[in-house]
Amino acid sequence: MGDKKKRFQLNESQLGYVMVMPALILIFAITLWPVGQSFWNSMFDYRLNDPTRNQTTLSYTIDLERYADNYFYYERDIETLIDSVEGTEMEPTVREIEATIEEFHEQIVTSDNLAEQYAVVDEMVMNFQPVNDDDLKYGSISNEFSENYIDAIEAADAELTNYFEQTEDEELATAIADANAQLGQLDRSLIRPNFIGLANYGKYLTEARTWSAMWNTVFFTVVSVFFELVIGLAVALVINRAFIGRGAVRAAVLIPWAIPTAVSAMMWSYLYDGQSGIVAHYFEQLGFISDASVLLSTGSGAMFSIILADVWKTMPYMALLLLAGLQTISESLYEAAEVDGAGKFQQFLYITLPMLKSAILVALLFRTLDAFRVFDLIYVLTGGGPANSTESVSVYAYQVLFAQQNFGEGSVLSVIMFLSVALISIIFIKLIGSDLFEDKKGSK
Amino acid sequence: MRKKAGIWFYIFLSIFIFVTMFPFLWVFLTSIKPPAEIFNNFNWFTTNPTGQSYLNAIQTRPLFLYMWNSIAVSTLTTVLAISVASLAAYAVTRLPIKFKGTILGIVLAAAMFPQIAIISPIFNLISGLGLRNSYMGLVIPYITISLPLAIWILATFFKKIPYELEESAKLDGATPFQTFRKIIFPLAAPGVFTTAILVFIAAWNEFLFALTINSDDNWRTVPVGLSLYQSQYTIPWGDITAATVLVTIPIVIIVLIFQRRIVAGLTSGSVKE
């Protein structure tokens, strides 16, 4: 890279833009664009496990593989049906159906944009080759044409169903049913646009489970961040002095912070276990809980367990941040206060807290955002249970997105998470003020 | 440092350390018990310690493979993220570019994005690129999630380097990029190293992307792999505690060796000096 720079030298600011570019491109591609995409997906009936809805489309498309395959069987079944209704009063209607469908089919196979593509796919289907290339498999067809085609199929379906119900001849009934079933398959290969606007939002914003997940998330966030702050501040105040064994304290503080949340969740699920868990056992002995199994099998017990595990893991980290803030407060302030006769509590109230304000707010911002998106801890420790009583919005979104494979509806919950986090950030940044970034801009 | 540490202080300190370390202690004590002694038994110490649970832990699931995957993914992430982030942090702190505030604002905003809000499009993207069940499938999202943290901390460190060094390099005829490579980067090495440790730990701990993107057992990382020990009818606490001890050891070693650096890195962004 050094050689390249020697040949065409960039001036300082050009180099600057080149240097920030990779980071900005990555951030745009992997965070900003996906958020936009989640918004977009949330307005579609988009399910990974349903072949007719596994992409987002604003216009009609045709699944050519399915269409070519079914058209072959449809032709066979409609011919059989014509043979069996020959000479009866049904014949003209059936022949008319055949003519209409064939007309639509001809339009597809001779149309400018689909003819070649159809020929290739048809050939592959006849040779029993799967069509894996989506660009080949799906073709676009005009909305008007598809709607007419679907109307024609539906009209034919109505007629055939009518005959099916009237006829008493069993063989004829089977022939009608076969032909009609193939028509239904043709219909399904015409993929409707799955844009549904805000319907998904309507569903989730009126659903009790969403609100209970939101309540669980808010409750968890407020309670655990509150205890982390209070205990963390107390610990920071106490250890803000010279003493022997700082290294041991630092290690004790850092190890819970450094291990994966999923691993600590596994550890706590053992400690809380109703039969072998030591914490559950001691709590029962001490009379905190009526039975050792309460901690994981009741809603409030499980919520308490999650909060305790979270406070254990992140309170030390909070203490560390606050201790660093405490150490920047000048000693002379306290000495002056003592001369003026201020007591310990007054010193804390009028010196420590105001001087620590920005450190506290920054620590609170990051902890609140972190707690609000809680996933691993709950997913591993309780799985959201019992009976969804500890399910956070992230856990619920994960269930809808990946367990139900419903990317449209799950994206609604993703968007709700994004908006909530944006709101929390805006409130905190207003409180902290713009000085958070001012000092990062460099002195120029 | 005006307060003196008295006896009560050390008692408080011992209790604090005991409480934070107790889960690890108990998990370790369980892992060396014979599996039959674990169920419904609250004795602290076993009379006949055994390594049986450790054997079970590495035999029932490919624990060392999970650890290898975690090491590979976290190392790749660290190297790539630090490269990209140090370029950006240098440009933002030392070079005369416009929109510094906007760039840092975007970086900070990206740090706040909840992962659940971006997981499904990234899942589609990674599937589309054919990168599911591969190291790169995780490294690409991990680089991006760790960029804000890395840029933020590196910017703090770069700013502390005196400007005079740059000026004299310029006078000696160095190009801006040479200045960065030969003067600033080596001087910032301790800061870069600190950032690297934090990025490594963040990548090592990530769960949601690892759970969804690398669902094949051969590509799982430690946090996901460990959480699967319990998916049976009876929960093998012996295996789980032994596996926990094994996967925690590398992290404990890193923390013990680099604790001062980690503290410096964690507190550099939040406290103004």
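Per an unreviewed UniProt entry, chain B goes by the name Carbohydrate ABC transporter membrane protein 2, CUT1 family and belongs to Alkalicoccus daliensis. What UniProt states about chain B under its Subcellular location (unreviewed entry) heading is, verbatim, "Cell membrane". Check the Sequence similarities (unreviewed entry) section of the UniProt entry for chain B; it says "Belongs to the binding-protein-dependent transport system permease family."

The name given to chain A in an unreviewed UniProt entry is Carbohydrate ABC transporter membrane protein 1, CUT1 family (TC 3.A.1.1.-), and the organism recorded there is Alkalicoccus daliensis. In its Sequence similarities (unreviewed entry) section, the UniProt record describing chain A reads: "Belongs to the binding-protein-dependent transport system permease family."

(A) Up close: the overall build of chain B. For chain B, the count of helices and strands is 12 helices and zero strands. Element order for chain B, N to C, with α for helix and β for strand: α-α-α-α-α-α-α-α-α-α-α-α. Taken along the three principal axes of its C-alpha coordinates, chain B extends 75 × 60 × 30 Å. Across the 273 residues of chain B, 56% fall into the buried class. Taken together, the 18 basic and 10 acidic charged side chains of chain B have centroids lying 9 Å from each other.

(B) Local environment of the overall build of chain A. The helix and strand inventory of chain A stands at 21 helices and three strands. Its C-alpha radius of gyration of 33 Å places chain A more than 25% over the 22 Å reference for a compact globule of 444 residues. In terms of principal-axis extent, the alpha carbons of chain A reach across some 115 × 75 × 35 Å. Counting the 444 residues in chain A, one finds 52% classified as buried. Pairs at least 24 residues apart make up 72% of the contacts formed inside chain A by residues separated by at least 6 positions. Counting only carbon and sulfur atoms, one obtains 58% of the accessible surface of chain A, whose full area is about 20400 Å². Charged side chains in chain A number 26 positive and 56 negative. The centres of these two groups are separated by 24 Å.

(C) The domain arrangement of chain A, seen in detail. As assigned here, chain A comprises domain 1 (2-32), domain 2 (61-191) and domain 3 (204-435). Distance between the C-alpha centres of domain 1 of chain A and domain 2 of chain A: 56 Å.

(D) Highlighting the interface of chain B and chain A. Across the boundary between the two partners, chain B contributes 109 residues, which contact 113 residues of chain A. Across the interface of chain B and chain A, roughly 10300 Å² is buried in total on both sides, 76% from carbon and sulfur atoms. Looking at the side of chain B facing chain A, the largest losses of area belong to Met112, Ile116 and Trp237 of chain B, adding up to 7% of the total buried there. Joining chain B to chain A, the criterion identifies zero salt bridges. Counting every contact that joins chain B to chain A gives 12 residue pairs in polar contact (both at pLDDT 80 or more). The element that contributes the greatest number of residues to the side of chain B that touches chain A is helix 12 (residues 237-268) of chain B, accounting for 16 residues.

(E) Main features of the nonpolar core. By size, the foremost hydrophobic cluster in this structure holds 195 residues, and its most contacted members are Met19 and Trp257 of chain A together with Leu147, Phe158 and Ile262 of chain B. Examining the composition of this core, we find that 15 residues originate from one element, helix 15 (residues 299-326) of chain A, more than from any other. Ignoring sequence-local partners within four residues, the contact set of Met19 of chain A consists of Leu87, Ala88, Tyr90, Ala91, Leu95, Phe177 and Phe180 of chain B. Core analysis: the second largest hydrophobic core is formed by 40 residues, Ile97, Val125, Ile150 and Ala179 of chain A among them.

(F) Inspection of the pattern of salt bridges at higher detail. Within this structure, the stated rule accounts for 16 salt bridges over all chains. We note a salt bridge from Glu166 of chain B to Arg94 of chain B, for which the minimum N-O separation is 2.9 Å. Residue Glu166 of chain B is located in helix 7 (residues 163-171), and its partner Arg94 of chain B is located in helix 3 (residues 63-94); the two are separated by 72 residues in the primary sequence. Assigned by exposure class, Glu166 of chain B and Arg94 of chain B land together as buried. Members of the salt-bridge network, linked through shared partners, are Glu228, Asp310, Arg367, Asp370 and Arg373 of chain A.

(G) The UniProt feature "transmembrane region" (unreviewed entry) in chain B, seen in detail. All names here are of chain B. Residues annotated in UniProt with the feature "transmembrane region" (unreviewed entry) correspond here to residues 7-29, 71-91, 103-123, 135-158, 183-204 and 240-258. Along residues 7-29, the helical share is 100% and the strand share 0%, with 29 Å between the first and last C-alpha atoms. Between the first and last C-alpha atoms of residues 71-91 the distance is 30 Å; the span itself is 100% helix and 0% strand.

(H) Looking closely at the packing of aromatic side chains. Residues and elements named next belong to chain B. Inspection of every chain in the model, using the stated rule, returns 46 aromatic pairs over all chains. Here Phe22 and Trp44 contribute two aromatic rings whose centre-to-centre distance is 5.6 Å and whose plane-to-plane angle is 50°, an arrangement assigned as tilted. With Phe22 in helix 1 (residues 7-31) and Trp44 in the loop between helix 1 and helix 2 (52-60), the pair connects residues that are 22 residues apart, well separated along the chain. Classification of Phe22 by relative accessible area gives buried; the value is 11%. Owing to a relative accessible area of 25%, Trp44 belongs among the partly exposed residues under this scheme. The cationic tip of Arg94 hangs over the ring face of Tyr163; the distance from NZ or CZ to the ring centre is 4.1 Å.

(I) Molecular detail of the environment of Asp376 of chain A. Take Asp376 of chain A: it is sitting in helix 18 (residues 376-381). Asp376 of chain A gets classed as buried once you look at its relative accessible area, which sits at 17%. With 114 residues separating them in the primary sequence, Asp376 of chain A and Ala262 of chain A have C-alpha atoms 5.5 Å apart. Not counting residues within four places of it along the chain, the set of residues in contact with Asp376 of chain A comprises Thr261, Ala262 and Leu381 of chain A together with Asn205 and Phe207 of chain B.

(J) Spatial organisation of helix 4 (residues 100-112) of chain B. Compared with an ideal rise of 1.5 Å per residue, which puts 13 residues at 18 Å, helix 4 of chain B spans 19 Å between its outermost C-alpha atoms and is within 8% of the ideal. Those residues of helix 4 of chain B lying buried are Lys100, Ile103, Leu104, Val107, Leu108, Ala110 and Met112 of chain B.

(K) Representation of the packing of helix 2 (residues 12-41) of chain A against helix 4 of chain B in the model. Contact pair helix 2 of chain A / helix 4 of chain B: the axes reach a minimum separation of 11 Å and the direction vectors enclose 40°. It follows that helix 2 of chain A is oblique to helix 4 of chain B by the angle criterion. Relative to helix 4 of chain B, the crossing made by helix 2 of chain A is left-handed. Contact with helix 2 of chain A, carried on its side by Val20, Leu24, Ile27, Phe28, Thr31 and Leu32 of chain A, involves Ile103, Ile106, Val107 and Ala110 of chain B of helix 4 of chain B and no other residues of that element. Of the residues contributing to the contact of helix 2 of chain A with helix 4 of chain B, the split by class is nine nonpolar, one polar and no charged.

(L) Layout of the UniProt feature "domain: ABC transmembrane type-1" (unreviewed entry) in chain A. According to UniProt, the positions carrying the feature "domain: ABC transmembrane type-1" (unreviewed entry) are residues 214-428 of chain A. Annotated as 78% helix and 0% strand, the span residues 214-428 of chain A places its first and last C-alpha atoms 20 Å apart.

Definitions and limits used
Residues numbered from 1 in each chain as written. Chains lettered and ligands numbered in written order. Predicted model: local features only at pLDDT ≥ 70, side-chain atom pairs only at ≥ 80, totals over all residues. Heavy atoms only, no water. UniProt positions renumbered as here; feature names shortened; annotations may be inferred. Helix = DSSP H or I, 4+ residues; strand = E, 2+ residues; numbered from the N terminus. Buried < 20%, exposed > 50% of the residue type's maximum accessible area, 1.4 Å probe, protein only. Lys, Arg positive; Asp, Glu negative; His and termini not counted. Charge placed at Lys NZ, Arg CZ, Asp CG, Glu CD. Rg over C-alpha atoms; globule rule 2.2 N^0.38 Å. Contact = heavy atoms within 4.5 Å. Areas by Shrake-Rupley, 256 points an atom, 1.4 Å probe, with all protein chains shown as cover. Domains from an automatic or database assignment. Buried area = accessible area lost by both parts, 1.4 Å probe. Salt bridge = Lys/Arg side-chain N within 4 Å of Asp/Glu carboxyl O. Polar contact = N/O pair within 3.5 Å; in protein donor to acceptor, adjacent residues only side chain to side chain. Core = buried A, V, L, I, M, F, W, Y, C linked by side-chain atoms within 4.5 Å. Phe/Tyr/Trp six-rings, centres within 6.5 Å; stacked < 30°, edge-to-face > 60°. Lys NZ or Arg CZ within 6 Å of the ring centre and 35° of its normal. Expected span 1.5 Å × (residues − 1). Axes fitted to C-alpha atoms, helices over the stretch in contact; angles between N-to-C directions. Parallel < 35°, antiparallel > 145°, perpendicular 65-115°, else oblique. Left-handed = near helix turned anticlockwise from the far one by under 90°. Nonpolar A, V, L, I, M, F, W, Y, C, P; charged D, E, K, R; others polar.

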